[in-house]
Amino acid sequence: MKYTQLGRTGLKVSRLVLGTMNFGPQTGEPESHSIMDSALDAGINYFDTANVYGWGENKGRTEEIIGTWFAQGGDRREKTVLATKVYASMSREGETWPNYGRLSALNIRRAVDASLKRLQTDYIDVYQFHHVDRLTPFEEIWQAVEVLVQQGKILYAGSSNFPGWKIAQANETAARQGRLGLVSEQCLYNLAERHAEMEVIPAAEAYGLGVIPWSPLHGGLLGGVIKKEVQGGRRASGRSADALANSTVRAQVQAYEDLLDKHGLEPGEVGLAWLLTRPGVTGPIVGPRTQEQLDSALRAVELELSDEVLAGLEEIFPGPGASPEAFAW
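Quick summary incoming for the structure in this document.

Conventions we followed
Residues numbered from 1 in each chain as written. Predicted model: local features only at pLDDT ≥ 70, side-chain atom pairs only at ≥ 80, totals over all residues. Heavy atoms only, no water. Helix = DSSP H or I, 4+ residues; strand = E, 2+ residues; numbered from the N terminus. Buried < 20%, exposed > 50% of the residue type's maximum accessible area, 1.4 Å probe, protein only. Contact = heavy atoms within 4.5 Å. Polar contact = N/O pair within 3.5 Å; in protein donor to acceptor, adjacent residues only side chain to side chain. Pairing = 2+ DSSP bridges. Expected span 1.5 Å × (residues − 1). Arc of directions from axis to C-beta. Phe/Tyr/Trp six-rings, centres within 6.5 Å; stacked < 30°, edge-to-face > 60°. Lys NZ or Arg CZ within 6 Å of the ring centre and 35° of its normal.

We now examine the side chain of Thr62. In this structure, Thr62 sits in helix H2 (residues 61–70). Of the residues examined, Thr62 reaches a relative accessible area of 0% and is grouped as buried. When residues no more than four places from it in sequence are discounted, the contact partners of Thr62 are Thr20, Met21, Phe23, Pro25, Thr49, Tyr53 and Gly54.

A few words on the side chain of Asn171. Turning to its location among the elements, Asn171 is positioned in helix H6 (residues 164–176). Using a relative accessible area of 6% as the deciding quantity, one classes Asn171 as buried. A distance of 2.8 Å separates a polar atom in the side chain of Asn171 from the backbone nitrogen of Leu182. In contact with Asn171, not counting residues within four places along its chain, are Arg8, Trp142, Gly181, Leu182, Tyr207 and Leu209.

In this section: the sheet that holds strand S6 (residues 124–129). Across a sheet, strands are paired by hydrogen bonds formed along the backbone, either parallel or antiparallel in direction. As summarised here, the arrangement of the 8 strands in space is S9-S8-S7-S6-S5-S4-S3-S10, forming an open sheet in which the pairing is parallel. At either end of the open sheet lies a strand with only one pairing partner, and these are strand S9 (210–214) and strand S10 (285–286). Where strand S4 (residues 46–48) meets strand S5 (residues 81–86), 3 bridges bridge the pair, whose relative direction is parallel. Pairing of Asp48 across the sheet is with Ala83, part of S5.

One turn of the α-helix equals 3.6 residues, which is why residues spaced by three or four share an orientation. For H6, with 13 residues, the first-to-last C-alpha span of 19 Å sits near the 18 Å given by 1.5 Å per residue. Immediately downstream of H6, the backbone of Gly178 shows phi near 70°, a positive value.

Here we take up helix H12 (residues 291–302). The complete set of buried residues in H12 reads Leu294, Ala297, Ala300 and Val301. One face of H12 carries all of its buried residues, which in axial projection span an arc of 110°. Facing away from the buried side of H12 by more than 90 degrees, the exposed set consists of Glu292 and Glu302. In this structure, the buried side of H12 is in contact with strand S3 (17–19), helix H1 (29–41), helix H11 (267–276) and S10.

What follows is about the packing of aromatic side chains. This structure, assessed with the given rule, holds 7 aromatic pairs. Between Tyr256 and Phe317 the ring centres are 5.7 Å apart and the planes differ by 70°, which places this aromatic pair in the edge-to-face class. Linking Tyr256 in helix H10 (residues 247–262) with Phe317 in the segment after helix H13 (307–316), this pair joins segments that are 61 residues apart in sequence. The residues Tyr256 and Phe317 share a single accessibility class, namely buried. One aromatic cluster is present, formed by Phe47, Trp69 and Phe70 through successive ring pairs. Against the face of Tyr100 rests Arg110, its NZ or CZ located 4.8 Å from the ring centre.

Structure representation (C-alpha cells):
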C-alpha cells in the first residue's frame, strides 16, 4: 500500500479509503468484519463512515458494525484512521424533531457522543460535515469543533459535498479564529463526473485540503457495466442505469470499455487508478460489498497507466476545464 499526507496535516493515510456504506444494508456483519480485516492487512488505514449509514430505521447500524469490529481487540483501532460524518437527521422514522440534524453546536455535540458510543471508541480522527448548513454560521461550527478537540473527542475536521466557495468561507473563518479549519473534502469525482475540477479541487488545493473522491466508479458505470450486461452478469442499477439510458453516455462508456479491452485492462481498476493520477487527490473511497471487490480495488494502487491510455481516457471523458475559463473568456 502507498501512503500520503492528508492535505496539509501531518497525518499519513493510505491511497485507498475503505468506504463502509454497504456494511449493514448490503453486507452482513461477519463479512463486513472480514473485509475490514483484509483491508487493514493490505495496508488500508483510512476508514470512512457516517452516522446516518444503515439508513431508514437502521440509521447508525454501520457505525455499530465498525464498533463491534474494534471491540474484537488487537490493534485495530490504533492502526485505523477513522472518519465519520454529521449532518443528516437521526430522528426515527415518522418523527421530525428539530435539532436532530444539521450543524448547530447542539447537534454536533450530541452527534459526536452518539457516534463514539456506536463506534466503541473514545475519539474520531476526522469528523466531517456531510453537507453545507446554510442556517448555521461557521463561527458557531468552529466553536463547537474547538470544544470537541479540547475534549479529545475529535482530532481534525473535514467537509463533504462543499462547493469551492464554502471551503474558502469555512477556512477563512477558521483562520480568523486561529484554528486549523477543514483538512479534507469528500466530493463526487470520477472520469464521468469531473465538475469538481472547476472550483472544488482548486479550492481544496489552495487551502491545503486532501481530496477524497466518493463514487469513484460513478455507481458502477465505470466498472465494465456494458460488458457485464452482454455476459449476462449483474445489470446496471441506480446511477449507472440512469446514465446508460442516455445514448451519448452509453457511447462514451462503450468507447471506454473498448479502449481498456484493447490494452487488456479492467475498467474498475482503471477508474480508480486514473483518480490516483489526479492533482490534489489523496485517495478515492472504495465501498466493497465483497472480498472480490476489495481485491480488485487493491490492484488499482499498483496499476501504472500509460500515456496512450491516459490520452484515450481524456478524449472519451474530457474535463470541464479550469474556472473561469471554462465558462468565460
